[in-house]
Amino acid sequence: MFDYREIMDGIIREGIEKGNIVGANLLFMQHGRELHFSSQGYADREAGVPMSRDTIFRMFSMTKPITAVAVLMLAERGKLDLWDRVSMYIPEFAHVKVMQEDGSLAEAKREINIWDLLTMTSGITYPDMGCEPGRRMDALFQEIKEELEAGHPTDTMGYCRKIAGVPICFHPGEKWRYGLSADILGGIVEVVSGKKFGQYLQEELFAPLDMQDTGFFVPKEKWHRFAANYRWSEESARLEPFRQNHLGLEGYREDVTYESGGAGLVSTIDDYSHFAQMLLNGGKYNNEKLLGRKTIELMTTNHLNAAQAVDFNWDSLWGHGYGCLTRIMQNPGEAGSNASIGEFGWDGWTGNYITMDPSEEMTLLYFIQKCDAGTTPEIRKLRMAAYAALD
């Protein structure tokens, strides 16, 4: 007999037993109703703290869809135009340089605009030793890290201004490249709203969505609920605690200065499910409208043309397109998935993952803390089981 709850629990249990993960939370919902919740393993193995429903996780790139919604809310209110040049808000982006194949620098054919940032077609890269702009970005982040350790942290706008000085990988709009675009969007939200990015999110999203444990830091009284982070060690052949800062994030204490729109949030599985439910409800939560239905359609429609999509080629993205900081299912067969066309979501560096399916009114959330995880074998199996469970 098919029992999806037993199957899902077994997939997670096997992942823990094999040492692939230390612990995990899973939440499976349809029509706004919980179908299954599972919490297994440890939030902090070394301290003996079990995983629990209110465990707080680093979101890393699952911050990005929230940042996209923040920007689109401002666009709906007439506070910005999606074709606005980034330099209108951060002047340092007026004269960005493009790194050409021969290593020379050229003026960009046009300036980066907000739409480029939302679709990751800006040319701005993450630190990446595989290309010269990426190496320069890595050097910049090392410099910022040293300043942080010396007691001189860089705030959100400071990051944006410094990022503007690193050459981009191609002329804006020509290709797709995963990078720091969402962090620049966070800076733009600050300029447009006149508020710190975290304050804007708290007032406009987290409070209305009852996301009480979501933000850019973990309050002292909640630190005991904050999951440890792990990374695979070849030396010990197992997952070991990872305590270093990553992508400029400062340790999630209350004095955080860099509020990263691409990676900085922490949250719980229930908090993030409220955000997901709002998107599936056409922008409404508890009868309060936060975002327009048509704006969500814009966010969750593929916007990459054939030339841009050439580099949208990670194996976890086969069969997908890209909207506004979200993946969009286009070809389930190519993706090796039984998911619906139009399913959307994203994942994070530490393995957090979300699926939102408008046609089935279904949400699947899977939260772990494992560096370099992205889309794991466990989540592919869990997705298959979740879709198989639908009537």
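To start, this report covers the structure provided alongside it. What you see is a predicted model, and the numbers here were worked out from it, not measured in a lab.

Overview of the sheet that holds strand 12 (residues 320–322)
Strand order in the open sheet formed by eight strands is 3-2-1-16-15-14-13-12, with antiparallel pairing between adjacent strands. Both outer strands of the open sheet, strand 3 (49–50) and strand 12, are each paired with one neighbouring strand and no more. Pairing of strand 12 with strand 13 (residues 327–329), which is carried by three bridges, proceeds in the antiparallel orientation. Across the sheet, the residue bridging to His320 is Met329, located in strand 13. Relative to strand 2 (residues 33–44), helix 1 (residues 4–17) is tilted by about 15 degrees, and along the sheet it contacts strand 1 (23–30), strand 2 and strand 16 (362–367).

Some words on the packing of aromatic side chains
Aromatic ring pairs are reported here in terms of the distance separating the ring centres and the angle at which the planes meet. In this structure the tally under the stated criterion is 21 aromatic pairs. Seen from their ring centres, Phe197 and Phe216 are 5.7 Å apart, and the 40 degrees between their planes marks the pair as tilted. Of the two residues, Phe197 is situated in helix 7 (residues 197–206) and Phe216 in the loop between helix 7 and strand 7 (230–233); the sequence distance between them amounts to 19 residues. One exposure class covers both Phe197 and Phe216, and it is buried. Linked through ring pairs, Tyr126, Trp176, Tyr178, Phe312, Trp314, Tyr322 and Trp346 together constitute an aromatic cluster. The side chain of Arg253 reaches across the aromatic face of Trp223, ending 3.7 Å from its centre.

Brief notes about the packing of helix 1 against helix 12 (residues 377–389)
Where helix 1 meets helix 12, the closest approach of the two axes is 9 Å, and the angle between their N-to-C directions is 175 degrees. As far as their axial angle goes, helix 12 and helix 1 are roughly antiparallel. Each of Tyr4, Ile7, Met8, Ile11, Ile12, Glu14 and Gly15 in helix 1 lies in contact with helix 12, whose residues at this interface are Glu378, Lys381, Leu382, Ala385, Ala386 and Ala389. Partitioning the contact of helix 1 with helix 12 into residue classes produces nine nonpolar, one polar and three charged.

Reading the values: rules and limits
- Residues numbered from 1 in each chain as written.
- Predicted model: local features only at pLDDT ≥ 70, side-chain atom pairs only at ≥ 80, totals over all residues.
- Heavy atoms only, no water.
- Pairing = 2+ DSSP bridges.
- Helix = DSSP H or I, 4+ residues; strand = E, 2+ residues; numbered from the N terminus.
- Contact = heavy atoms within 4.5 Å.
- Axes fitted to C-alpha atoms, helices over the stretch in contact; angles between N-to-C directions.
- Phe/Tyr/Trp six-rings, centres within 6.5 Å; stacked < 30°, edge-to-face > 60°.
- Buried < 20%, exposed > 50% of the residue type's maximum accessible area, 1.4 Å probe, protein only.
- Lys NZ or Arg CZ within 6 Å of the ring centre and 35° of its normal.
- Parallel < 35°, antiparallel > 145°, perpendicular 65-115°, else oblique.
- Nonpolar A, V, L, I, M, F, W, Y, C, P; charged D, E, K, R; others polar.

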